[in-house]
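What the coordinates show
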Amino acid sequence: MNWFTRVRNNISWLPKRTTDKDLWVKCPGCQQMVFGQEYADNGDVCPRCDHHGRIGADRRLALLLDEGFATLPVPEVKEDPLKFRDSKKYTDRLKQARAKSPHKDAFLVGEGTIEGKPAVVGVQDFTFMGGSMGMAVGTAFCQGAERALTLRAPYIVVTAAGGARMQEGILSLMQMPKATVMTRRLKEAGLPYIVVLTDPTTGGVTASYAMLGDVHIAEPGALIGFAGQRVIQDTIREQLPDGFQRAEYLHKHGMVDMVVHRHDLRDTVATIIDYLAPAEAA
């Protein structure tokens, strides 16, 4: 605190200035302060360094789907089946997460069109308990796949997760094979399954439906991997290369099909849908 601020604060009759806390945003990439409205209007992409910030499920659906899309209700699942408690009860953690989110869990499914083409889009929200995969997420993923099968439409999934939800133990890990079965059903039906990998996509999500798509798109700079870099380094006792587990590195080594800027994502997905859409019967 400088001397001017100290003097000003000591003058009791002087009105305090108030500003919107979101007036400025500090970019995690270049560490520069960006006007909040400019940052939001640019799709949460830094106009200076092009860093792609994390966005919520509703904004992601609005960026991908045409206007007028509908969201599917979040499926009801048994909460806290293991009566789990660490420093807090699992039920308390859920309440805390829901107080900050308009949705009941970390996976939201939207139904509509992408540039006029029918599509079902599932979005993982990292702001809800790190986008962790539990029974609600696994069930919502499968619900989205079922809807795509019913509509004969492509299924696009946008991943952002820290992995499986530890508070649900083995039940969270069981979502991996369940989701895998649904991706097989989409393949057998000849329907495109497209995965958009965003920052971060890690753990059990990477080990299941995030890497089973017909096409894998990643946003620039996205962290994508299974185990953390420190765990890998300590295991293999080797220094990892620069950019390891980032979208560009994975694209160079064939794990990701393309790296696409957020502004171009809707057009790119629409083009892929055109290429992969099942042929209509004569």
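Residues numbered from 1 in each chain as written. Predicted model: local features only at pLDDT ≥ 70, side-chain atom pairs only at ≥ 80, totals over all residues. Heavy atoms only, no water.

As a reminder of what qualifies: UniProt positions are given in the numbering used here, feature names are shortened, and annotations may be inferred rather than shown by experiment.
The name given to the protein in an unreviewed UniProt entry is Acetyl-coenzyme A carboxylase carboxyl transferase subunit beta, with Qipengyuania gelatinilytica as the source organism. Reading the Pathway (unreviewed entry) entry of the UniProt record for the protein gives the comment "Lipid metabolism; malonyl-CoA biosynthesis; malonyl-CoA from acetyl-CoA: step 1/1." Listed under Subcellular location (unreviewed entry) in UniProt, the entry text for the protein is "Cytoplasm".

1. Some thoughts on helix α11 (residues 265–276)
For the record, the criterion: Here a helix means four or more residues in a row that DSSP labels H or I, a strand means two or more in a row labelled E, and each is numbered from the N terminus. A helix is expected to span 1.5 Å multiplied by its residue count minus one. The buried label goes to any residue with under 20% of its type's maximum accessible area, the exposed label to any with over 50%, and the partly exposed label to all in between, with areas taken from a 1.4 Å probe on protein chains only.
The terminal C-alpha atoms of α11 lie 16 Å apart, and with twelve residues this matches the ideal 16 Å at 1.5 Å per residue to within 8%. Those residues of α11 that fall on the buried side of the exposure criterion are Leu265, Thr268, Val269, Ala270, Ile272 and Ile273.

2. Re the packing of helix α3 (residues 57–64) against α11
Counted only if it meets this: Here, axes are lines fitted to C-alpha atoms. For helices the fit covers the stretch in contact, and angles between N-to-C directions go from 0 to 180 degrees. Small angles under 35 degrees read as roughly parallel and large ones over 145 as roughly antiparallel, with 65 to 115 read as roughly perpendicular and the rest as oblique. Residue contacts follow a heavy-atom distance rule, with two residues in contact if any of their heavy atoms lie within 4.5 Å. Ten residue types, Ala, Val, Leu, Ile, Met, Phe, Trp, Tyr, Cys and Pro, are classed as nonpolar, four, Asp, Glu, Lys and Arg, as charged, and the remainder, Gly among them, as polar.
Where α3 contacts α11, the axes come no closer than 8 Å and their chain directions differ by 60°. Put simply, α3 runs oblique to α11. Of α11, the residues touching α3 (which contributes Arg60, Ala62, Leu63 and Leu64) are Leu265, Arg266 and Val269. Looking at side-chain class alone, the contact of α3 with α11 contains five nonpolar, no polar and two charged residues.

3. Some thoughts on the packing of helix α5 (residues 135–151) against helix α7 (residues 175–188)
Running from N to C, α5 and α7 cross one another at 10°; their axes reach a closest spacing of 9 Å. In terms of orientation, α5 lies roughly parallel with respect to α7. For the pair α5 and α7, contact is made by Met135, Gly138, Thr139, Phe141, Cys142, Ala145, Glu146, Ala148 and Leu149 and by Gln175, Lys178, Ala179, Met182, Thr183, Arg185 and Leu186, respectively.

4. As for α5
An ideal rise of 1.5 Å per residue puts 24 Å on 17 residues; α5 measures up with 24 Å between its terminal C-alpha atoms. Buried residues of α5: Met135, Ala136, Val137, Gly138, Ala140, Phe141, Cys142, Gly144, Ala145, Ala148 and Leu149, and no others. Those residues of α5 that are buried lie in contact with β4 (107–114), β5 (117–124), β6 (155–161), α6 (169–173), α7 and β7 (193–201). Two residues or fewer after α5 comes Arg152, characterised by a positive phi angle close to 55°.

5. A few points about the environment of Ala218
Relative to the helices and strands, Ala218 resides in strand β8 (residues 215–218). Looking at Ala218, the relative accessible area reads 0%, which means it is buried. Taking C-alpha positions, Ala218 is 9.2 Å from Leu250, a pair spaced 32 residues apart along the chain. Sequence-distant contacts of Ala218, that is, excluding residues within four places in its chain, are made with Leu197, Ile224, Ala247, Val256, Met258, Val259 and Val260.

6. Focus on the nonpolar core
Which entries qualify depends on this criterion: To qualify as a nonpolar core, a set must consist of buried Ala, Val, Leu, Ile, Met, Phe, Trp, Tyr and Cys residues joined through side-chain atoms within 4.5 Å.
Counting 36 residues, the largest nonpolar core has Phe107, Phe141, Tyr155, Leu186, Tyr193, Tyr209 and Ile224 as the members making the most contacts within it. For this core, the secondary-structure elements that each account for two or more residues are α4 (90–99), β4, α5, β6, α7, β7 and α10 (247–252). Sort the elements by how many residues they give to this core and α5 lands first, with seven residues. If near-sequence neighbours (up to four positions away) are discounted, Tyr193 is found in contact with Phe141, Tyr155, Val157, Thr183, Leu186, Tyr209, Leu212, Gly213, Asp214 and Val215. Ile114, Ile194, Val215 and Val260 belong to the second largest nonpolar core, which has 21 residues in total.

7. Things to note about the pairing of β5
Put simply, the rule is: At least two DSSP bridges between two strands are needed for those strands to be called paired.
With seven of its eight residues buried, β5 lies for the most part within the structure. Summarising the sheet, β4 and β5 pair through eight bridges and their orientation is antiparallel. Of the residues in β5, the one forming a bridge with Leu108 is Val123. By the bridge criterion, four bridges tie β5 to β6 in an arrangement that is parallel.

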